[in-house]
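For reference, the chains in residue letters:
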Amino acid sequence: MSAATRSVHVPQLGMELDLLADDTIIGPSIERGAWEEHETALFRAHLEPGCQVLDLGANIGWFSAQAIRAGCEVHAFEPVPFIADVAEANIERANALGPGRGVLHRFAAGSEPGTATIALAGSNRGDNRVLDGGTLPEDMSGAESLEIRIERVDDHVRGATRVIKIDTQGSEWLALRGMRRLLSASQRCALLLEFWPYALRGCEPPQLLDLLRAEGFTVGKATAAPYPMTPERILRQASRRDPVRGGLDLYATRGGAPFHVLGAKARLRGLLRSWREE
């Protein structure tokens, strides 16, 4: 399977980026200026030249390209072949400009190596989900599917990692279980992670939040004004969103990596939001 692409110039990267022509979410957002603006700002704020970055669920390589252009060493994971082709082209284009370097791994991150079936969204090319038992979720009825490889991050990536981004449409817990050695080596790090109870596989939602707390992370939402939140507060806010469409993007730091990185005004807005929000 292959896919048509189109290119757009991204000023903040200083390069052309290939997009999936039929995608209705990620591509149009990049054409308007940025994909996941708040997450991107937090991600970029923690990048340091020479540091290692992990991008799980890389899709077309938006976050990987950001890190390469900032001088980082990037390991990107993307299992869907025709999307991985686009990611590889973008990563190679970023590599040519440098000053960092990226490597693409054409499989999904999981707790154990093997194979799995992934369902492909028809228009939102970022919403591809690994299936349990081959059963399609109700909101993906009629979706195409294909077989992909699953690998443990620990079997392919070594050493301290400064920034970890995990957006795997419900497989975040399993990805974390397959990278315990890397997490142990990465005591000072920032984490961006999708928390989507509806699609979460391998655990119950509180278990994922409890794992982050046990690992020593300070956790909040990935917004323009993040503030530290308890697991209970995150669960309350997540429960009030539409279960199919309403996941939360989380942001976390530990080991001396600063939580407040977007300036004094953002920190003040975060404090005000912490008083107002439930």
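Below, the structure is looked at part by part. (Residues numbered from 1 in each chain as written. Predicted model: local features only at pLDDT ≥ 70, side-chain atom pairs only at ≥ 80, totals over all residues. Heavy atoms only, no water.)

## A look at the overall build of the protein
Per the secondary structure count, the protein includes 9 helices and 13 strands. Compactness check: the protein gives a C-alpha radius of gyration of 18 Å against a globular reference of 19 Å for 278 residues, within 12% of the reference. Its C-alpha atoms give the protein principal-axis dimensions of roughly 50 × 45 × 35 Å. In the protein, which comprises 278 residues, the share counted as buried stands at 55%. Carbon together with sulfur atoms contributes 49% to the accessible area of the protein, which is approximately 12,000 Å² in total. Both charge centroids of the protein, one from 32 positive and one from 36 negative side chains, sit 7 Å from each other. (Helix = DSSP H or I, 4+ residues; strand = E, 2+ residues; numbered from the N terminus. Rg over C-alpha atoms; globule rule 2.2 N^0.38 Å. Buried < 20%, exposed > 50% of the residue type's maximum accessible area, 1.4 Å probe, protein only. Areas by Shrake-Rupley, 256 points an atom, 1.4 Å probe, with all protein chains shown as cover. Lys, Arg positive; Asp, Glu negative; His and termini not counted. Charge placed at Lys NZ, Arg CZ, Asp CG, Glu CD.)

## Concerning helix α4 (residues 81–97)
Its 17 residues place the ends of α4 24 Å apart at the C-alpha level, agreeing with the 24 Å of an ideal helix rising 1.5 Å per residue. Among all positions in α4, only F82, I83, A84, V86, A87, N90, I91, A94 and N95 are buried. Residues of α4 that are buried in the fold lie against β1 (5–10), β2 (15–20), α3 (62–69), β4 (73–77), β5 (101–105) and β7 (114–120). Positive backbone phi, at 65°, marks G98, one or two positions downstream of α4. (Expected span 1.5 Å × (residues − 1). Contact = heavy atoms within 4.5 Å.)

## Examining the sheet that holds β5
With mixed pairing, the 7 strands of this open sheet are ordered in space as β5-β4-β3-β10-β11-β13-β12. The sheet terminates laterally at β5 and β12 (218–221), the two strands that pair on one side only. Averaged over neighbouring strand pairs, the angle between their axes works out to 15° when direction is ignored. Of the pairings in the sheet, the one linking strand β11 (residues 189–195) to strand β13 (residues 248–254) comprises 7 bridges and is antiparallel in character. (Pairing = 2+ DSSP bridges. Axes fitted to C-alpha atoms, helices over the stretch in contact; angles between N-to-C directions.)

## Points about the sheet that holds strand β6 (residues 108–109)
One open sheet holds the 4 strands; their spatial order is β6-β9-β7-β8, and the pairing between them is mixed. The open sheet is flanked by β6 and β8 (129–130), the only strands paired with a single partner. As judged from the 2 bridges shared by β7 and β8, these two strands associate in the antiparallel manner. By the bridge assignment for β8, I118 is matched with V130.

## Side note on helix α2 (residues 37–45)
Among the residues of α2, E39, T40, L42 and F43 are the ones counted as buried. Each buried residue of α2 lies within a common arc of 165° when the element is viewed along its axis, so the set occupies one face. In this structure, the buried side of α2 is in contact with β3 (52–56), α3, β10 (163–166), β11 and β13. (Arc of directions from axis to C-beta.)

## Observations concerning the packing of α3 against α4
The geometry of α3 relative to α4 is characterised by a closest axis approach of 9 Å and an angle of 10° between their N-to-C directions. In this view, α3 runs roughly parallel relative to α4, as classed from their interaxial angle. Judged by residue contacts, S64, A65, I68 and R69 of α3 engage I91, A94, N95 and L97 from α4. (Parallel < 35°, antiparallel > 145°, perpendicular 65-115°, else oblique.)

## Details of the environment of R188
Considering the arrangement of structural elements, one finds R188 in the loop between α6 (180–185) and β11. Taking C-alpha positions, R188 is 6.6 Å from R162, a pair spaced 26 residues apart along the chain.

## Overview of the pairing of β7
Judged from the 7 bridges that link them, β7 and strand β9 (residues 144–151) form a sheet pairing that is antiparallel. The residue of β9 that forms the bridge with A116 is I148.

## Regarding the side chain of E194
Following the sequence through the fold, E194 ends up in strand β11. Of the side chains with opposite charge, R129 lies nearest to the buried E194, which makes no salt bridge, at 8.1 Å. Excluding residues within four positions of it along the chain, E194 makes contact with I166, D167, T168, Q169, G170, E172, L248 and D249. (Salt bridge = Lys/Arg side-chain N within 4 Å of Asp/Glu carboxyl O.)

## Describing the side chain of E151
Inspection of the secondary structure puts E151 in strand β9. Within the structure, the side chain of E151 is placed 2.9 Å from the side chain of R149, a separation counted as a polar contact. Looking at E151, its side chain comes within polar contact range of the side chain of H156, at 3.2 Å. In contact with E151, not counting residues within four places along its chain, are F107, A108, A109, G110, P113 and H156. (Polar contact = N/O pair within 3.5 Å; in protein donor to acceptor, adjacent residues only side chain to side chain.)

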